[in-house]
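Notes for the structure review
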Amino acid sequence: MQTSIPNWLMQRAFLTPERIAVQDERGQKTFAELHEAVVTRARQLASLGVRKGDIVALLMKNSIAMIETIHALHYIGATVLLQNTRLTSHELLWQLEDSGAKFWFFDDEFEKCANEISTIQMMKTSELSMLPEQECEFQHEYHFDDVATIMYTSGTTGTPKGVLQTYGNHWWSAIGSVLNLGLYENDCWLAAVPFFHISGLSIIMRSVIYGMSMYVMNRFDAGKANDIIMNGNITVMSVVSSMLQQMIAELGDRTYPNTFRCMLLGGGPAPQPLLEACRDKGIPVYQTYGMTETASQIVTLAPEYSITKLGSAGKPLFPAQIRIENEGQIVRPYEPGEIVVKGPNVTKGYLDRPEATKRAIRDGWFYTGDIGYVDDEGFLYVLDRRSDLIISGGENVYPAEIEAVLLSHEAVEEAGVTGISDEKWGQVPCAFIKLKEGYSVNVSQVKAFCQERLAKYKVPKHIYFVDELPRNAAKKLLRRQLLQLIPKSEET
Ligand code: ATP
Ligand code: MG
């Protein structure tokens, strides 16, 4: 029998109506007020024809209105497709078509994209509040197997795929997280990561499930984020490394109040100098590993290990398991292989892609496509994506390791490494570097720097200085496009 539990926000508004649910720089709402606003929004959406089972796409920036719209669609029983606001019109349209979305709601600033897309029923979010209300049947229970949200992967390794995230996935993700991080009466989670990524959406889910307040930032700004934390009401914040880097630089000599208890760092590898800077400033960093398919973190490193296990992503959350496989065999500690995960927070598959789903999920285990190893205590170390692995003279070379070394050079702002064919070695590493403003360094200096820190076969054979590295809408490095940056005539 399928598990069903009460509609989360309705139950929350019933249990703890007076608690603050959401805040932003303009004001706040209790859970009761949030529920009221969601009922109104749901009735407005119903008057437009939104029905149970419809896929509804949202192109919105973080706001309390976005939270209300997501809940309202769930009250109706619709599935919410969350779109990255940095995508081009072409990419947005592709997702709308691929998903078969029936409705598309976008913030006013994205009207330009809307002019290029006319094949779907659409409306500006500012106009939704002017719609009449129509009575409709609400979902008083959420079923764990029903799809609550769809999010396309960032497309770092290939064509994006729509990841199905069920109510059960979100529920278990929230539970796994709280069993690790705990819950305090004064908890308030700062949401500066976008809600269209799982890192942001999962804060909305935790807020209603835990009865915890969240502070919404419309867009990330390091100075503002620091000020909000310094005011003393924030206890937890989710970040990716570039956000944390900016916040530390802006913070200067100040330190966060003691009540700030968790900086949850995810989305990609964490550079060692950043972790060291956090240690020096007493910032309690929890490094995490996760992906759209695991409905946020699945492995997390508690701060007490941040020094002894520097660079590790930690151990699985309570409801989850991980193992490392190589050619179908589970490998021994320290031996690299594919990271394979299992847990009730893991997706049941990709939208309309049975083949990709079958490839990714085997025997209840999800094959992440990432390479890593576990140490003898079970701590996970993520090495790189399997598709980006360079094999040079029979040795495995991980671009992320070389990039980390390059990034530790004071003149380097960004670095990307990929393999390039080589007559002798099959493939050799090739580096692309964006220098910090005002710095200058030449190819042989960079090579010498690498030679001191990396085995010979890992030292980039070719180095190019570029103005910009190719990144996708999630700002992730597109290594597969790096070679296109090589100027035809230039040799290094
Ligand atoms: P696509 O699947 O389309 O290529 P994507 O994998 O970049 O897109 P996300 O789900 O947003 O889309 O990203 C998850 C990926 O980010 C992980 O599979 C992993 O490669 C990387 N990642 C996440 N956390 C870490 C970490 N702690 N260390 C290293 N890499 C990480
Ligand atoms: Mg992926």
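Residues numbered from 1 in each chain as written. Chains lettered and ligands numbered in written order. Predicted model: local features only at pLDDT ≥ 70, side-chain atom pairs only at ≥ 80, totals over all residues. Heavy atoms only, no water.

Formally: UniProt positions are given in the numbering used here, feature names are shortened, and annotations may be inferred rather than shown by experiment.
For the protein, the name recorded in an unreviewed UniProt entry is 2-succinylbenzoate--CoA ligase, with Thermaerobacillus caldiproteolyticus as its organism. Here is the UniProt Function (unreviewed entry) comment for the protein, exactly as written: "Converts 2-succinylbenzoate (OSB) to 2-succinylbenzoyl-CoA (OSB-CoA)." If you open the UniProt record of the protein and go to Sequence similarities (unreviewed entry), you find "Belongs to the ATP-dependent AMP-binding enzyme family. MenE subfamily."

As for the site of ligand 1
Keep this limit in mind: Residues are labelled near a given molecule or strand when at least one of their non-hydrogen atoms is within 4 Å of it. We call two N or O atoms a polar contact when they sit within 3.5 Å, provided that within protein one can donate a hydrogen and the other can accept it, with sequence-adjacent residues counted only if both atoms are side-chain atoms. We count a stretch as a helix when DSSP gives it H or I for four or more residues in a row; a strand needs E for two or more, and each element gets its number in order from the N terminus.
With respect to spatial proximity, 18 residues lie near ligand 1, and among them Thr153, Gly155, Thr157, Thr292 and Asp370 are the closest. Thr153 has a polar side-chain atom sitting 2.7 Å from an oxygen atom of ligand 1. Here an oxygen atom of ligand 1 and a side-chain polar atom of Thr292 are 2.7 Å apart. Mapped onto the shell around ligand 1, the elements with two or more residues apiece are strand E15 (285-291) and strand E23 (380-385). Looking at which element gives the most residues to the shell around ligand 1, the answer is E15, with 4 residues.

Description of the pattern of salt bridges
To keep things clear, this is the line we draw: For salt bridges, the criterion is a side-chain nitrogen of Lys or Arg within 4 Å of an Asp or Glu carboxyl oxygen. Throughout, exposure labels follow a simple rule: accessible area from a 1.4 Å probe, protein chains only, divided by the maximum for the residue type, with under 20% read as buried, over 50% as exposed, and the rest as partly exposed.
As enumerated under the stated definition, the model contains 25 salt bridges in all. Between Lys102 and Asp54 there is a salt bridge whose closest N-O contact spans 3.2 Å. Of the two residues, Lys102 sits in the loop between helix H4 (89-99) and strand E6 (103-106) while Asp54 sits in the loop between helix H2 (31-48) and strand E4 (55-59), which places them 48 residues apart along the sequence. In this structure, Glu111 and Lys124 form a salt bridge, with 3.5 Å as the shortest nitrogen-oxygen distance. With Glu111 in helix H5 (residues 111-115) and Lys124 in strand E7 (residues 121-124), this residue pair connects regions lying 13 residues apart in the sequence. Taking relative accessible area as the criterion, Lys124 reaches 18% and is therefore assigned buried.

Points about the sheet that holds strand E2 (residues 20-24)
Keep this limit in mind: Between any two strands, pairing holds if DSSP finds at least two bridges.
The strand order across the open sheet built from 9 strands is E3-E2-E12-E11-E13-E14-E15-E16-E17, with neighbouring strands paired in mixed fashion. The two strands at the open ends of the sheet, each matched to only one other strand, are strand E3 (27-30) and strand E17 (315-316). Bridging between strand E11 (residues 188-191) and strand E13 (residues 236-239) involves 2 bridges; their strand directions are parallel. Within E13, the residue paired with Trp189 across the bridge is Val236.

Observations concerning H4
How we decide: Throughout, the arc means that of the directions going from the helix axis to the C-beta atoms. The contact criterion used throughout is that any non-hydrogen atoms of two residues lie within 4.5 Å.
Regarding H4, the residues found buried are Ser89, Leu92, Gln95, Leu96 and Ser99. What you see down the axis of H4 is that its buried residues fit within an arc of 125°, all on one side. Exposed and oriented more than 90 degrees from the buried face of H4 are His90 and Glu97. Here the buried face of H4 lies against E4, strand E5 (79-82), E6, H5 and strand E9 (147-152). Immediately downstream of H4, the backbone of Gly100 shows phi near 70°, a positive value.

Observations regarding the domain arrangement of the protein
Where we set the bar: Throughout the structure description, domain borders are defined by an automatic or database domain assignment. Buried area: the accessible surface (1.4 Å probe) lost by two parts on joining, summed over both.
Assigned domains of the protein: these are domain 1 (4-381) and domain 2 (389-485). Taken over C-alpha atoms, the centre of domain 1 sits 31 Å from the centre of domain 2. On the side of domain 2, 11 residues touch domain 1, which itself brings 13 residues to the contact. Carbon and sulfur atoms make up 57% of the area that domain 1 and domain 2 hide from each other, which totals about 940 Å².

Side note on the sheet that holds E6
The condition that has to hold: Lines fitted to the C-alpha atoms define the axes, with helices restricted to the stretch that makes contact. Angles between their N-to-C directions range from 0 to 180 degrees.
Here 6 strands make up an open sheet; going across it, the order is E7-E6-E4-E5-E9-E10 and the pairing mixed. If you trace the sheet from one side to the other, it starts and ends with E7 and strand E10 (162-166), each paired once. This sheet shows a mean twist of 20° between the axes of neighbouring strands, independent of strand direction. Summarising the sheet, E5 and E9 pair through 3 bridges and their orientation is parallel. Of the residues in E9, the one forming a bridge with Leu82 is Met151. Contacts between helix H3 (residues 64-76) and the sheet are confined to E4, E5 and E9, with E5 contributing the most and set at about 145° to the helix.

Notes on the side chain of Asp107
Keep this limit in mind: Neither His nor the chain ends is counted toward charge; the positive residues are Lys and Arg and the negative residues Asp and Glu.
Locating Asp107 in the fold gives a position in the loop between E6 and H5. Summary of buried charges: Asp107 has no salt-bridge partner, and the nearest side chain of opposite charge, Lys61, is 7.3 Å away. Engagement of the side chain of Asp107 in a polar contact is seen with the side chain of Thr125, the distance being 2.8 Å. For Asp107, the contacting residues outside a window of four places in its chain are Leu59, Met60, Lys61 and Thr125.

Overview of the UniProt feature "domain: AMP-dependent synthetase/ligase" (unreviewed entry) in the protein
Per the UniProt entry, the sites bearing "domain: AMP-dependent synthetase/ligase" (unreviewed entry) are residues 13-351 in this numbering. With 33% helix and 25% strand, residues 13-351 has end C-alpha atoms that lie 32 Å from one another.

Some details on helix H10 (residues 241-251)
Within the sequence span of H10, burial applies to Ser241, Met243, Leu244, Met247, Ile248 and Leu251. Taken end-on, H10 shows its buried residues confined to a sector of 155°, consistent with a single buried face. The inward-facing, buried residues of H10 abut helix H9 (222-230), E13, strand E14 (262-265), helix H11 (272-281) and E15. A positive phi of about 60° marks Gly252, the residue just after H10.

Section: the packing of aromatic side chains
Heads up, the condition is: When two rings of Phe, Tyr or Trp (its six-membered ring) have centres within 6.5 Å they constitute a pair, described as stacked for plane angles under 30 degrees, edge-to-face for angles over 60, and tilted for the intermediate range.
All chains considered together, the criterion is met by 14 aromatic pairs. Consider the rings of Trp8 and Tyr142, whose centres lie 5.4 Å apart with planes at 80°: the pair is edge-to-face. Of this pair, Trp8 sits in helix H1 (residues 8-15) while Tyr142 sits in strand E8 (residues 141-143), and the two are 134 residues apart along the sequence. The burial state of Trp8 is the same as that of Tyr142; both residues are buried.

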